[in-house]
Amino acid sequence: MIGVGDMVLLEPLSEDSFLENLKKRFDHNEIYTYIGSVVISVNPYRSLPIYTPEKVEEYRNRNFYELSPHIYALADEAYRSLRDQDKDQCILITGESGAGKTEASKLVMSYVAAVCGKGQEVNKVKEQLLQSNPVLEAFGNAKTVRNDNSSRFGKYMDIEFDFKGDPLGGVISNYLLEKSRVVKQPRGERNFHVFYQLLSGASDETLKKLKLDRDVSKYNYLCLDSASVSGVDDAANFRTVRNAMQIVGFMEDEVQSVLQLVAAVLKLGNIEFKPESRSNGLDESRVKDKNDLKEMCELLGIEQSVLERAFSYRTVEAKSEKVSTTLNVAQAQAKTRHKVMGVLDIYGFEIFEDNSFEQFIINYCNEKLQQIFIELTLREEQEEYIREGIEWTNIEYFNNAVICDLMENNQNGILAMLDEECLRPGTVTDETFLDKLNTICAEHQHFESRLSKNSKFLTDHSLPHNCFRIQHYAGKVLYRVEGFVDKNNDLLYRDLSQAMYKANHNLIKQLFPEGSPAKINLKRPPTAGFQFKASVGTLMRNLQTKNPNYIRCIKPNDKKASHIFTESLVCHQVRYLGLMENVRVRRAGYAFRQAYEACLERYKMLCKKTWPHWKGPARQGVEVLMADLKVPPEEYSYGRSKIFIRNPRTLFFLEERRRQCLQDLAALIQKIYRGWKCRRQFLLMKKSQVVVAAWYRRYAQEKKYKKIKHATTVMQSYARGWQARKLLRQLKHQKRCEEAATTIAAYWHGTQVRREYRKFFRANAGRKIYNFTVQRIIQKYFLNLRKNLPSMSPIDKSWPTRPYSFLDGVHTELRRIFHLWRCKKYRSQFTEEKKAVYEEKLEASELFKDKKALYPSSVSQSFKGDYLEINKNPKYQKLHSAVDEKVLLADTISKINRANGKGTPRIFLLTKKSVVLADQKTGQVKASVPLLDLASVSVSKQSDGFFALKLKEGSASAVKGDFLLSSERLIEIITKLYRLSAANAERVPLSVDISDEFLVQFKNDKVCVKFIQGSPRNGNSASCKRKNNRLLEVSVPSTP
Ligand SMILES: Nc1ncnc2c1ncn2[C@@H]1O[C@H](COP(=O)(O)OP(=O)(O)OP(=O)(O)O)[C@@H](O)[C@H]1O
Ligand SMILES: [Mg+2]
């Protein structure tokens, strides 16, 4: 810690050591120092890295004295008392102009915003509260010689919190704006920021809409020489302000209205008047250049003639008749009572070269604040000690109540007299006001005037005639009376306000409600001084209901420069702020006091005797409590109704114990609640468990029972089976025994009988009996067979069954012999012709059975041979004669045309020696082939009647080629042909080829005849087609 953090602990205490400590700390960037719970802040005039979010966290929820002094510690203390102890708080920031009050108020607000609750709604409120600052500063702050961002109005903001400590909203009250600054600024100062911000920050388009020019020099109200402030970016600030207005809740058209108004004020400043004397002797003013007037009227929607008339009808001094906008960013005030934290930031005490009514008012306000500080920290406190009977040695201090009285006394206070002057009939000027002051206040020790009867000042040349001087708590200030009366009256001529009310512009209308024709009020409005006094009074009463927290700002130098600590200047401030007295009272006094009841209520849980209820008087309870807690007796004193605690550390000790105790209590409650909850849960679970167990046991038992039952059944069945088998075995054994007994008995009887009869038989009788028996059986067999012989038909397959198996071979042989015999008998009945027929049939069977599909159909047909009966039919006479041999076969067949496969009918004759083909109609012989010339016959395996007669190569008949013929009697024809060739011993028998594919020699070329299975659809007969010159295809309908 650099120096001493809390001046109360400074040793030795003197003004010098006080200043030295401040300087030492200031030089080491420690700008904050405590006097007990009061924070002294020295303006560093540069940004220090002590306001970071990490710092906020560091100071959050920490005790006031735990960390090095900081404005955050005060803000945290105030916020926590508000939240936890339900005490409304106010933060009073005092100090002269430029001492850092506004900055301090912003730091407090930002700290509170950072530590209080979070959430969408809360954050919005916080944003609105924080963003109200740029807007208020734009319209209410200006550069002065003392401060580049001097507040030209007083601001008091009440921030409301709910029970949790979350901000709900805020109410901002403004006090007397320094209106005169709009029209006139002292040298080196500026008008309100907003004008410069608008001109440099607004877009070209906006400026055009507002009929403005970016050039500051074009406007009379904006003094050229100090138009820009170093280190201030007006354009950027304009954007900040626009954004802030939006966040605070201005609608876009409202923002536009405000900007229009600002523009209109600038235009108004440019309007110049020229005096004109009228013939009736009255003075009149005329507008010189009407362009600005016209534009202004357009902006505000006022008819130009109306305004011009209003200007012209009276001689008006434009400079003192200006209006200022008063901004009210009042948030909706909640109906229910909420905790409130008030932050007061007013214009600081100021002394200018030329001090007027505004400075008078500002300094009056500061006097009042000093008064409240004295009241609460010095006088009240000391009086309380005496009242409570605490031993106390009085500490002297300067009480500025007397100055306040000089200014505000209802009878002869300066403000009262100014009002009186203003309301008095007759000619009233600033001078008559001064005269009045001179007569009435002359005797007041803090009032000085050249013309007062007090001869002391008659020769004081620093006091001009038109001035009066007041010895304020913070120094002497010389006030020039010029303008006092007018400014106090604060009157606007009715025709002007009426003209304004006629504007087609909502905001203007609202600003001049008195211009409404419905509201013509002849009563004078209250004077500015009166209003201000009243609002200061309200403010003071409001502050007194709250727990005060002080920030006393000190300005280290007059140059707005960092690192400079002008000791004389600081000393002056230390003196008039009464800081030394503050330290002394603190050192002698007690840091904390509380009524016994409240104290007992708060700390009773720290002692078993007082917890939970103390029956006796509260004071005794507190005494017991303190004794029990073993607090050293010098740390506290008992007053009449309150306990006084000397050191904050004792309080922190109590609070810490209480916090601990609360935690323990909470843990206890938690424990009991958890126990109760767990037990309830347990009981519920137990109940459920019983139900589940019951059901489960039932199920398990049922399952077990079924299992046992099943096992029993199985065992039973096995046992029964075993018993049954045992019984069966017994019965079988019994039966076998019986059988054995019978057999034995039979053999025994047999033996008995044989033994008995043996004597009656000869020794070889057995052989004979056997032979006899066999013969007898065979005889019987033959006789039986003769009786049962089957019929003589060779196809009868029946045969009697054999009686004995040993006759098996004989029986089969007999059957064979009988069959052969039967067949022989059958054959012997045949005539010669029939025999031949059967031979032929047999031959056919050998040739074709199972080889050609046509064969089975031929079995039942008898081979008649001469179907045409040639020798009888006269039609074939000629043919008959041509064939000299006997015709063995004559029939009509088809000769297949070798060119297209179509058939031509031909008569086919077969004789012993040759085959003849003749025309069917004429009987003319077409071809005659000797049998010797035939090489082979080819037929298919199918049911068709095609056959090829192939001729021996080189034979005479072979010249014409082979014959491809077709006949239904193919089997007969081929059989006959074959038999003929076989009968001839000279030659090899004709070969019969059965194949589905064979070659036929047609004249010169060989053609392949191929048989395929055709579909039955093509009719029943086979059809032949010439496919190409090498292939004849015969499609045979498939036999179903
Ligand atoms: N804590 C601080 N850290 C850095 N700079 C500061 C601080 N406090 C004040 N300043 C500087 O001092 C200037 C003046 O401070 P501020 O505007 O708060 O004074 P004020 O007391 O409100 O004066 P007035 O009575 O004229 O309104 C600020 O613009 C800022 O530059
Ligand atoms: Mg300020």
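Residues numbered from 1 in each chain as written. Chains lettered and ligands numbered in written order. Predicted model: local features only at pLDDT ≥ 70, side-chain atom pairs only at ≥ 80, totals over all residues. Heavy atoms only, no water.

With that settled, the discussion passes to the overall build of the protein chain. Helices and strands together make up the secondary structure of the protein chain, namely 30 helices and 29 strands. Referenced to the eigenvectors of the C-alpha coordinate spread, the extents of the protein chain come out at roughly 205 × 110 × 60 Å. Sequence separation of 24 or more characterises 62% of the internal contacts of the protein chain that already satisfy a separation of 6 or more. Accessible surface, the protein chain: about 56,800 Å² in total, of which carbon and sulfur atoms supply 53%. In the protein chain, the 165 positive side-chain charges and the 124 negative ones have mean positions that sit 23 Å from each other. (Helix = DSSP H or I, 4+ residues; strand = E, 2+ residues; numbered from the N terminus. Contact = heavy atoms within 4.5 Å. Areas by Shrake-Rupley, 256 points an atom, 1.4 Å probe, with all protein chains shown as cover. Lys, Arg positive; Asp, Glu negative; His and termini not counted. Charge placed at Lys NZ, Arg CZ, Asp CG, Glu CD.)

Protein-derived ligands of the magnesium ion (ligand 2) are T102 (OG1) and S151 (OG), with the metal-ligand distances lying across 1.9 to 2.1 Å. Pair noted here: T102 is in helix 4 (residues 101–115) and S151 is in strand 5 (residues 150–151), with a separation of 49 residues, a long-range link. Overall, the relative accessible area of 12% leaves T102 in the buried class. Overall, S151 belongs to the buried group, its relative accessible area being 8%. (Donors = N, O, S within 2.8 Å, 3.2 Å for Na, K, Ca; no water. Buried < 20%, exposed > 50% of the residue type's maximum accessible area, 1.4 Å probe, protein only.)

Attention shifts here to the sheet that holds strand 29 (residues 1031–1037). On the basis of which strands lie adjacent, the open sheet formed by four strands has the order 26-27-29-28 and mixed pairing. Edge positions in the sheet fall to strand 26 (997–1002) and strand 28 (1023–1028), since each has one partner strand and no second. On average, each strand axis in the sheet is inclined to that of its neighbour by 30°, with strand direction left out of account. Relative to strand 29, strand 28 runs antiparallel, the two sharing five bridges. Across the sheet, C1024 pairs through a bridge with V1034, a residue of strand 29. (Pairing = 2+ DSSP bridges. Axes fitted to C-alpha atoms, helices over the stretch in contact; angles between N-to-C directions.)

The next point concerns the sheet that holds strand 23 (residues 946–951). Strand order across the open sheet formed by eight strands is 21-20-19-18-24-23-22-25, with mixed pairing between neighbours. The sheet is open, and its two borders are formed by strand 21 (925–930) and strand 25 (991–994), each paired with just one other strand. Pairwise comparison of adjacent strand axes, ignoring direction, gives a mean angle of 30° for this sheet. In terms of strand pairing, strand 20 (residues 914–919) meets strand 21 through five bridges, oriented antiparallel. Paired with L917 across the bridge in strand 21 is A927. The strands touched by helix 30 (residues 970–983) within the sheet are strand 18 (887–896), strand 19 (903–911), strand 20, strand 22 (934–939), strand 23 and strand 25, with strand 18 carrying the most contacts at an inclination of about 125°.

The next thing to look at is unusual backbone geometry. Note: most residues except glycine have negative phi, and most peptide bonds are trans. Each neighbour pair has its own omega, and for W611 with P612 the value is 0°, a cis peptide bond. Within the secondary structure layout, P612 lies in the loop between helix 22 (596–603) and helix 23 (618–629). Of note in the backbone geometry, N29 takes a positive phi value of approximately 65° without being a glycine. When you line up the elements, N29 lands in the loop between helix 1 (15–27) and strand 1 (32–35). Relative accessible area serves as the criterion here: at 33%, N29 is assigned to the partly exposed category.

Right, let's talk about the side chain of N557 for a bit. Within the secondary structure layout, N557 lies in the loop between strand 14 (547–554) and helix 20 (567–576). Side-chain polar atoms of N557 contact the backbone nitrogen of K560, separated by 3.1 Å. Looking at N557, its side chain comes within polar contact range of the main-chain oxygen of A561, at 2.6 Å. Not counting chain neighbours up to four residues away, the residues in contact with N557 comprise Y45, I564, T566 and L569. (Polar contact = N/O pair within 3.5 Å; in protein donor to acceptor, adjacent residues only side chain to side chain.)

Neighbouring residues of ligand 1: 19 residues in total, closest N43, S97, K101, T102 and S150. In the model, an oxygen atom of ligand 1 is placed 2.7 Å from a nitrogen or oxygen of the N43 side chain. A distance of 2.9 Å is found between an oxygen atom of ligand 1 and a backbone nitrogen or oxygen belonging to E103. Here ligand 1, which alone exposes 630 Å², has 87% of that area covered by the protein. Of all the elements in the fold, those that place two or more residues in the shell around ligand 1 are helix 4 and strand 5. Broken down by element, the shell around ligand 1 gets its largest block of residues, three residues, from helix 4. (Near = heavy atom within 4 Å.)

Another point: the packing of aromatic side chains. Aromatic ring pairs are reported here in terms of the distance separating the ring centres and the angle at which the planes meet. As enumerated under the stated definition, the model contains 31 aromatic pairs in all. A centroid spacing of 6.3 Å and a plane angle of 65° characterise the contact between Y364 and F532, whose relative ring orientation is edge-to-face. Taken together, the positions of Y364 in helix 12 (residues 357–387) and F532 in helix 19 (residues 528–544) put the pair 168 residues apart, joining distant regions of the chain. One exposure class covers both Y364 and F532, and it is buried. Where Y696 meets Y699, the ring centres are 6.1 Å apart and the plane angle is 50°; that geometry is what we call tilted. (Phe/Tyr/Trp six-rings, centres within 6.5 Å; stacked < 30°, edge-to-face > 60°.)

Another aspect to go through is the pattern of salt bridges. A full pass over the atoms with the stated rule returns 52 salt bridges. A salt bridge links R575 to E15, with the nearest nitrogen and oxygen atoms 2.9 Å apart. Of the two residues, R575 sits in helix 20 while E15 sits in helix 1, which places them 560 residues apart along the sequence. Relative accessible area serves as the criterion here: at 24%, E15 is assigned to the partly exposed category. Between D166 and K164 there is a salt bridge, and its shortest N-O distance comes to 3.6 Å. Assessed through its relative accessible area of 10%, D166 is described here as buried. The class of K164 is partly exposed, set by a relative accessible area of 47%. A single network of salt bridges, built from pairs that share partners, joins R152, E178, R181, E189 and E350. (Salt bridge = Lys/Arg side-chain N within 4 Å of Asp/Glu carboxyl O.)

The next point concerns the environment of A844. Mapped onto the secondary structure, A844 falls in helix 27 (residues 832–848). For A844, a relative accessible area of 1% translates into the label buried. Along the chain, A844 and S858 lie 14 residues apart, while their C-alpha atoms are 9.1 Å from each other. Not counting residues up to four positions away in its chain, the partners in contact with A844 are K849, Y855, F863, I971 and T975.

Core analysis: the biggest nonpolar cluster contains 146 residues, and F18, L22, F195, I414, F468 and L543 have the highest contact counts within it. Per element, the largest residue contribution to this core is 10 residues, and it comes from helix 12. If we skip the residues at most four places from it in the chain, L22 touches M7, T33, I40, V42, I554, F565, V570 and V574. Residues L917, L934, V937 and L980 belong to the second largest nonpolar core, which totals 31 residues. (Core = buried A, V, L, I, M, F, W, Y, C linked by side-chain atoms within 4.5 Å.)

To continue, consider a nonpolar patch on the surface. A surface patch of nonpolar side chains, about 550 Å² in accessible area, is lined by V753, Y757, F760, F761 and I769. Turning to its location among the elements, F760 is positioned in the loop between helix 24 (648–757) and helix 25 (765–787). (Patch = residues over 30% accessible without salt bridge, like charges linked within 9 Å, V, L, I, M, F, W, Y side chains within 5 Å.)

We now examine the UniProt feature "binding site: ATP" (unreviewed entry) in the protein chain. UniProt records the feature "binding site: ATP" (unreviewed entry) for G95, E96, S97, G98, A99, G100, K101 and T102 in the present numbering. Note on placement: G95 falls in the loop between strand 3 (89–94) and helix 4. On the basis of relative accessibility, which here comes to 6%, the residue G95 falls in the buried class. Discounting residues that sit within four places of it in the chain, G95 has contacts with K101, G348, F349, N366 and C553. Residue E96 is classed as buried on the basis of its relative accessible area, which comes to 9%. Ignoring sequence-local partners within four residues, the contact set of E96 consists of K101, R146, G348, F349, C553, K555, Q573 and Y576. (UniProt positions renumbered as here; feature names shortened; annotations may be inferred.)

Okay, helix 17 (residues 494–501) next. Taken together, the buried positions of helix 17 are L496, S497, A499 and M500. Projection of helix 17 onto a plane perpendicular to its axis shows the buried side chains occupying an angular sector of 155°, all on one side. Residues of helix 17 that are buried make contact with helix 10 (290–300), helix 11 (304–312) and helix 18 (506–511). (Arc of directions from axis to C-beta.)

The axes of two packed helices give the description: the angle between them and the distance between them. At their nearest, the axes of helix 12 and helix 19 sit 11 Å apart, and the two run at 20° to each other. Considering the angle they form, helix 12 stands roughly parallel to helix 19. Crossing handedness for the pair helix 12 and helix 19: right-handed. Of helix 19, the residues touching helix 12 (which contributes F357, I361, Y364, C365, K368, L369 and I372) are A528, G529, F532, K533, V536, M540, L543 and Q544. (Parallel < 35°, antiparallel > 145°, perpendicular 65-115°, else oblique. Left-handed = near helix turned anticlockwise from the far one by under 90°.)

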